[in-house]
Every structure is written in structure tokens, then in C-alpha cells.
Amino acid sequence: MPNRSDIQARAARLRVSFEAAGGLVVDPPLLQPAGTLLDLYGEDIRARAYVTTDALRGEQMLRPDFTVPVVQMHMRDGAEPARYTYSGEVFRRQELDPDRMNEYVQVGYEIFDRDNPASADAEVFAMIALQVRGLNLRAATGDIGILMAAVQGLNTTDRRKAALMRHIWRPRRFRALLDRFSGRVELPESRKKLLSTEGPLTGTSVEIGKRSRAEIDARVEALREDATVAPISENEMLALEALMAVRETVPYALEQLRDIAVDLPAITPALDRLEARAAALAARGVSVENLDFEVSFGRTSMEYYDGFVFGFYAEARPDLPPIASGGRYDALTRQLGQGAEIPAVGGVLRPDLILMLEEAQS
Amino acid sequence: MSLKLGVPSKGRLMEKTFKWFEKRGVTLSRSASDREYAGRVDGVDGVDLVLLSAGEIPRELAAGRIHLGVTGTDLVHEKLPRWEQQVEQVEPMGFGQADLILAVPQSWVDVDTVDDLDAVASAFRARHGHRLRIATKYHRLVREFLTDGGVADYQLVDSQGATEGTVKNETAEMVADITSTGETLRANHLKILSDGPVLKSQATLWRSRSVVMTDKEKAALKQMLALLRGES
């Protein structure tokens, strides 16, 4: 195991190379207000982050990552365009696996730029690839924006699309919704019973709690409406399934995706962006012909990413988490921007894992 | 040192535990004074009785400060991460049955499943500007159950007692609580979601995995387990 001072020294070196590329050094506080993170991630974050409290500021979390505070800082008073870099500890609560570290150093590089997203994606990826080039890692890439575009383009109601969009990052739930909306599974008995009735249903029971009778009646009405909607067609379902299964090197993936776009034309702009990104990556010397691309990559673990995503993995050490990872998070800037928004992309490296792999090599 | 047996220190749970052991030839008794938390074990040599709150027994087992302990499955699963590695189930005891369930107001005619709950949580948050609040003391179990079910936009609020009343008081929209008959829930105008329960619980005898025993303690444990399992 590399020792702490070696890790800090390597982190400093990595940060210097990001500074040289134009990154402004930022150093967000270790303690973050818990409310922001809870609003973004929901209760699940409590299983992953350490929570502490005091009487004045209430619940606070030991920062589980840098992205959220960096976005907040930029949205508050950042210049445009901006590049940031940082290095420091992040903390992850561990309840299940004693071999996973609960504190480790991350070094990151983030770009906030409206002009050329493809070029910014390629810059972040290439900068990080450069830092790990000797380690023989496998790079995996994806683009959550493609699946999002496919959902938005489905021939179904806005309500159904919104439900699917909300669960893009929860593949099992997403699947269950798709099965229901396509009529592949039957409605539960309780729903059938509800739909067999007419008129308002809330009349007889005692009304308690904050959810009002009007809200309940509105949902019953929405469910009745939804029951009359035609299922998502078999054709669209097959195309969507083919889409989610695409796993190829970038050029072949693009070819397959263009075929699928015949049935799901709404993904075409997202595919144009993928193609532009591939060109920008190639221009930075990335060997795109050998780069893996998976449409479903990053759907389980990277909740705020909504476009390009990537990870670098040590093939010989499948027990290790990614050595580096990152992606585009335009929507996060909107959520934290209080009305403002800006396209943004970034990535982080793990200097401790880099040193560990280097030690194993020598 | 003697083998230490931890049992609940008061109420019906204590009485039923005493009866369960009695039936198997092990007599547990509290000291003469009702106020003093001390007692004795007859029928097996070398065993000490430790009277504890049922809620503390999982922790004491995990720390290895008691060898055997009686408490509910719910408390072991809630309080001990990776409980299988810390304690071993010796015998389910057949009393103290209760289910950890999710319950919503009866007036929510549109909600019967976790699926419904997720949809409602989303609409509720959009309308009221905060996440749908679930009052409970079983934070870990409920969170794991809802994560597994893919529910988002909810918030757990801590409630250590009178949980069923939180909805009426508008400090929560629904509850996750232990119930055996559902009586209290109905009286508070709540109904149980159909695709539960989160956990089925009963009083159970557990053995600590984290304690190193002397020969004398091992002998006492062997004798005790043989008696309890009717093997002698």
C-alpha cells in the first residue's frame, strides 16, 4: 500500500498538470450542507456518506465528492468559460465491504464551457488518459444522452416519458416501467380494481396528512387516463432494447446506432454529438478505433451524468474501483444554478490506485 | 468466566423468554427486588443472566460482551450491518411475531404497491417542494427496501415512538413500523402496502460470533444448547 505522503505528492503532481492546462485551483470545504446532497441524491446518499450535525448548521456531510461543491461555487461566482482543478480527500461510508476505503484522495479537472461540448469532452478524457497512459488500463465510454433522447422520442404520453426519464439511472425500475407501458406485464389487481370504478373515490375515508384529497383525485384521474393510452409499440421496444445492448468499439457502435436510429429517429442529434466527440478525441490523439463504447455504461453508479461518461479500469485487478472516471453533467448545473445553467464536464483520478498499480508493475 | 446470556429486562418479552427457557429445563429468574437488574440461571452450570434492553442486545452480541442473547430479528437486522458475520441464529422462539411494514393513509385510494408509492412521491415533491416523509426508527431496513424497489424522492424522519400519529400531526406523510395485528394502524386511519412486509420478525435466540471462549464457557454453551434443542 502506498503511504499517505506519497499519495499526496502524486496528487500534487497530477494537479500541477491540470493547472498547466488552465485549471484554476479550488478547495471546497470538507463539510458540506447535507440538504443539497439529500435533495440531489435522496436518502440513498446516507448509505454512502458520513453525516454529522451541530445545533447551528444542522446536518452536514463529509464531502463524498468534489463535483457538487465545485458546481455550486461556479454557479455562484464563476467566470466563463472556466477550468478548475482540485485535489483532496473524499469520504465514503462503508457498511458492507471492509476492503473498500472510506477515505481517499481524488484529483479532478472540470470544464464549464458553452461553445464546444465535443471538444471539452475530448479534452477532459485525453487529459486523464495522459496521466494513466503507462498503466495498461481499459477505457470504457458511454453516453447517457442517447438513451435519454430515445425515451423523449417514444410515441407515448409525456407522463410516461417523464416516469421513464426519472428512472434512467435505476435500470431495474426503468425496465419494470417499460414492461408495464408496453403491456408486457399485467396490471396489479389493486390497479385493475381501481380502474373498474368511476367518479371520485376519496369520499368515504378520513382525510389525514398533507397529501390532499384533490391530489389523490388527480392521480386517480391520471391513472384512468393512462389506462386508455395505447402500449408502446413492439417495434419501438425492440429498437430500445437493441439500443441499450450496444457494446462495441466507437466506430462499430456508431454504425449500429445509425441503424437503430431508423426506428428511433429522435436519437439522431445525440448520435451526431457522439460522432463529433469521436472526431475531437481522434484529433487529440485518442485511438478511437479501439475505444470501447456502451450505451448503458454508467447507468447504475453515476447519477448526475447526463451525456458523455467514461471510466478507466485495471483489467488485471477487477477488485479495484475505477482508477479514473468522469462525465458530462449539464443538468446538475441547472439544478444547482437557481435558474442559470451551463454545459459542464469533468473527471477524477485516484492517485492512491495509480501508485499501487505502479508498484505492482516494478 | 461464566457464559453470559442476555435477555430483555422487562415486559411481556421478558416473561415469554423466561417461559420459553423454563419449558426446556432452564430456569431464569430475576433477583427478589424488582428494581434491581440482576438474576440467575438454574439448570445449567456456569451461566450468568444479563438483563438488558432488547434494543441493546444486538450491540452487546456483536461486541462479544454476551455469548447468547434474546432479541427480535428486526433489531438485529437494523442495528448490525452484515449481521450474519457478527451473530448466528440459534433458535427462533415462536413469539414476539411482528412485521415491519409500510403504511399510508387509508384515504390514499390510489396507493397499494411500492410502485404507486414511487409515483406519488414524485408528484408530492413537485407539489409540496419537499420529499415525501416516512416516519420510522428502522432507517437502514427501510432505506435498503426502498432502494431495492427503486423508490426515489422520499425522506426518512426519525420517530422513536407513537409513529402512527405522525401522519395526523403532519410531521410525516406515511410510516414504516412494526405491527403484529395492524390494530393501531387501522385506528390511526392507515393501511399497509400490499407488497411488503419489509421484514418478518420474531423473538430469536442468537449466538455471538465475535467472542473467544474458555473451555469452561464452551462446556456451558454445549450443555445449554443441548437442553434448549431437547437433545439431552
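The rules we used
Residues numbered from 1 in each chain as written. Chains lettered and ligands numbered in written order. Predicted model: local features only at pLDDT ≥ 70, side-chain atom pairs only at ≥ 80, totals over all residues. Helix = DSSP H or I, 4+ residues; strand = E, 2+ residues; numbered from the N terminus. Buried ≥ 20, exposed ≤ 12 C-beta atoms within 10 Å, placed from the backbone. Pairing = 2+ DSSP bridges. Axes fitted to C-alpha atoms, helices over the stretch in contact; angles between N-to-C directions. Contact = placed C-beta atoms within 7 Å. Parallel < 35°, antiparallel > 145°, perpendicular 65-115°, else oblique. Left-handed = near helix turned anticlockwise from the far one by under 90°. Core = buried A, V, L, I, M, F, W, Y, C linked by C-beta atoms within 7 Å. Domains from an automatic or database assignment. UniProt positions renumbered as here; feature names shortened; annotations may be inferred. pLDDT = per-residue confidence, 0-100. Nonpolar A, V, L, I, M, F, W, Y, C, P; charged D, E, K, R; others polar.

Asks: Would you explain the overall build of chain B in this entry?
Replies: Secondary structure assignment for chain B yields 8 helices and 13 strands. Each of the three principal axes of chain B carries a C-alpha extent, and together these read 65 × 35 × 30 Å. By the burial criterion, 44% of the 232 residues in chain B qualify as buried.

Asks: In this structure, what is going on with the sheet that holds strand β1 (residues 3–8) of chain B? I would like to understand it.
Replies: In sheet architecture, strand pairing relies on hydrogen bonds along the backbone and comes in two forms, parallel and antiparallel. Residues and elements named next belong to chain B. The strand order β4-β1-β5-β13-β6 describes an open sheet built from 5 strands, whose pairing is mixed. Lying at the two open borders of the sheet, with one neighbouring strand each, are β4 (47–52) and β6 (87–92). Here the average twist between neighbouring strands, direction ignored, is 30°. Seen against the sheet, helix α1 (residues 11–23) touches β1, β5 (68–72) and β13 (203–208) and runs at an angle of roughly 135° to β1. The strands that helix α8 (residues 215–228) touches are β1, β4 and β6; relative to β1, the one it contacts most, it runs at about 45°.

Asks: Quick question: what am I supposed to make of the packing of helix α5 (residues 144–152) of chain A against helix α6 (residues 158–166) of chain A here?
Replies: A pair of packed helices is captured by two measures, namely the crossing angle of their axes and the spacing between those axes. Residue and element names in this part refer to chain A. Put simply, α5 and α6 touch, their axes get as near as 9 Å, and they point 165° apart. Here α5 is positioned roughly antiparallel relative to α6, judged by the angle of their axes. Taken as a pair, α5 and α6 cross one another with a handedness that is right-handed. Residues Met 148, Val 151 and Gln 152 of α5 form the contact with α6, whose own contacting residues are Lys 161, Leu 164 and Met 165.

Asks: Which parts of the structure should I look at to understand unusual backbone geometry?
Replies: Residues other than glycine predominantly adopt negative phi, and peptide bonds predominantly adopt the trans conformation. A cis geometry characterises the amide bond from A:Glu80 onward to A:Pro81, with omega recorded as -10°. With respect to the helices and strands, A:Pro81 occurs in the loop between α3 (67–77) and β5 (82–91). Residue B:Pro197 is bonded to the preceding B:Gly196 through a cis peptide linkage, with omega at -10°. When you line up the elements, B:Pro197 lands in the loop between β11 (190–192) and β12 (199–201).

Asks: In this structure, what is going on with the nonpolar core? I would like to understand it.
Replies: As a rule of thumb, nonpolar side chains are buried together in soluble globular proteins. Among the nonpolar cores identified, the biggest contains 87 residues, and A:Ala150 and A:Leu243 are the most heavily contacted of them. Taken domain by domain, this core gets at least three of its residues from each of domain 1 (1–65 + 75–136 + 314–327 + 343–362) and domain 2 (138–169 + 233–310) of chain A. With residues up to four places along the chain from it excluded, the contact list for A:Ala150 reads A:Leu240, A:Leu243, A:Leu264, A:Ala266 and A:Ile267. Within the second largest apolar cluster, 35 residues are counted, among which are A:Ile216, B:Leu102, B:Met174 and B:Leu199.

Asks: Got a minute to help me understand the UniProt feature "binding site: L-histidine" (unreviewed entry) in chain A in this structure?
Replies: Residues and elements named next belong to chain A. Annotation from UniProt places "binding site: L-histidine" (unreviewed entry) at Asp 65, Phe 66, Thr 67, Arg 92, Gln 106, Glu 110, Arg 299, Tyr 304 and Tyr 305. Along the chain, Thr 67 turns up in helix α3. Overall, Thr 67 belongs to the buried group, with 25 C-beta atoms counted inside 10 Å. The residues touching Thr 67, leaving out its near neighbours within four places in the chain, are Tyr 329 and Gly 346. Checked against the element boundaries, Gln 106 lands in strand β6 (residues 103–112). Each residue touching Gln 106, except ones within four places of it in the same chain, is listed here: Phe 66, Ser 87, Val 90, Val 348 and Arg 350.

Asks: Can you help me understand the confidence of the model for chain B in this one?
Replies: The predicted structure's coordinates, where accompanied by low pLDDT, should not be read in detail. All names here are of chain B. When the pLDDT values of chain B are averaged, the result is 92; 97% of them are 70 or greater. Mean pLDDT across the elements of chain B ranges from a minimum in strand β3 (residues 39–42), with 90, to a maximum in strand β8 (residues 132–136), with 97. Per the prediction output, this complex has pTM 0.88; the corresponding ipTM is 0.87.

Asks: I keep staring at the sheet that holds strand β4 (residues 58–62) of chain A and nothing clicks. Help me out?
Replies: Residue and element names in this part refer to chain A. In space, the 3 strands of this open sheet follow the order β2-β4-β3, with antiparallel pairing throughout. Bordering the open sheet on either side are β2 (31–33) and β3 (51–54), each of which pairs with just one other strand. Adjacent strand axes in the sheet meet at a mean angle of 40° when their direction is disregarded. As paired elements, β3 and β4 share 4 bridges and run antiparallel to each other. Residue Thr 52 lies in a different strand from β4, and its bridge partner there is Gln 60. Against the sheet, helix α2 (residues 34–41) makes contact with β2, β3 and β4, and its axis sits at roughly 65° relative to β2, the strand it touches most.

Asks: Help me out: how do you make sense of the pairing of strand β11 (residues 324–328) of chain A in this one?
Replies: The side chains of a regular strand alternate, residue by residue, between the two faces of the sheet. Residue and element names in this part refer to chain A. Within β11, 5 of the 5 residues are buried, leaving the element largely enclosed by the surrounding structure. Note that strand β10 (residues 308–313) and β11 share 4 bridges and pair antiparallel. Within the sheet, the bridge partner assigned to Phe 312 lies in β11 and is Ala 324.

Asks: Please explain the confidence of the model for chain A as it appears in this structure.
Replies: Across chain A, the average pLDDT comes to 93, with 98% of residues at or above 70. Of all secondary-structure elements in chain A, the lowest mean pLDDT belongs to helix α8 (residues 189–195) of chain A, at 89, while helix α12 (residues 268–283) of chain A reaches the highest, 98.

Asks: Would you take a moment to explain the domain arrangement of chain B for this structure?
Replies: It is common to give the size of an interface as the accessible area that goes away when the parts come together. Residues and elements named next belong to chain B. On domain assignment, one finds that chain B holds domain 1 (3–97 + 202–228) and domain 2 (98–200). Computed from C-alpha atoms alone, the centre-to-centre distance between domain 1 and domain 2 is 32 Å. Counting from both sides, the interface comprises 6 residues of domain 1 and, opposite them, 8 residues of domain 2. Split into classes, the residues belonging to the side of domain 1 that touches domain 2 amount to no nonpolar, 4 polar and 2 charged.

Asks: Quick question: what am I supposed to make of the environment of B:Ile134 here?
Replies: Residue and element names in this part refer to chain B. Within the secondary structure layout, Ile 134 lies in strand β8. Taking the number of C-beta atoms within 10 Å as the measure of exposure, Ile 134 has 29 and is therefore buried. Separated by 20 residues in sequence, Ile 134 and Tyr 154 have C-alpha atoms that sit 7.1 Å apart. If we skip the residues at most four places from it in the chain, Ile 134 touches Val 142, Tyr 154, Leu 156, Val 157, Ala 172, Met 174, Val 175 and Ala 176.

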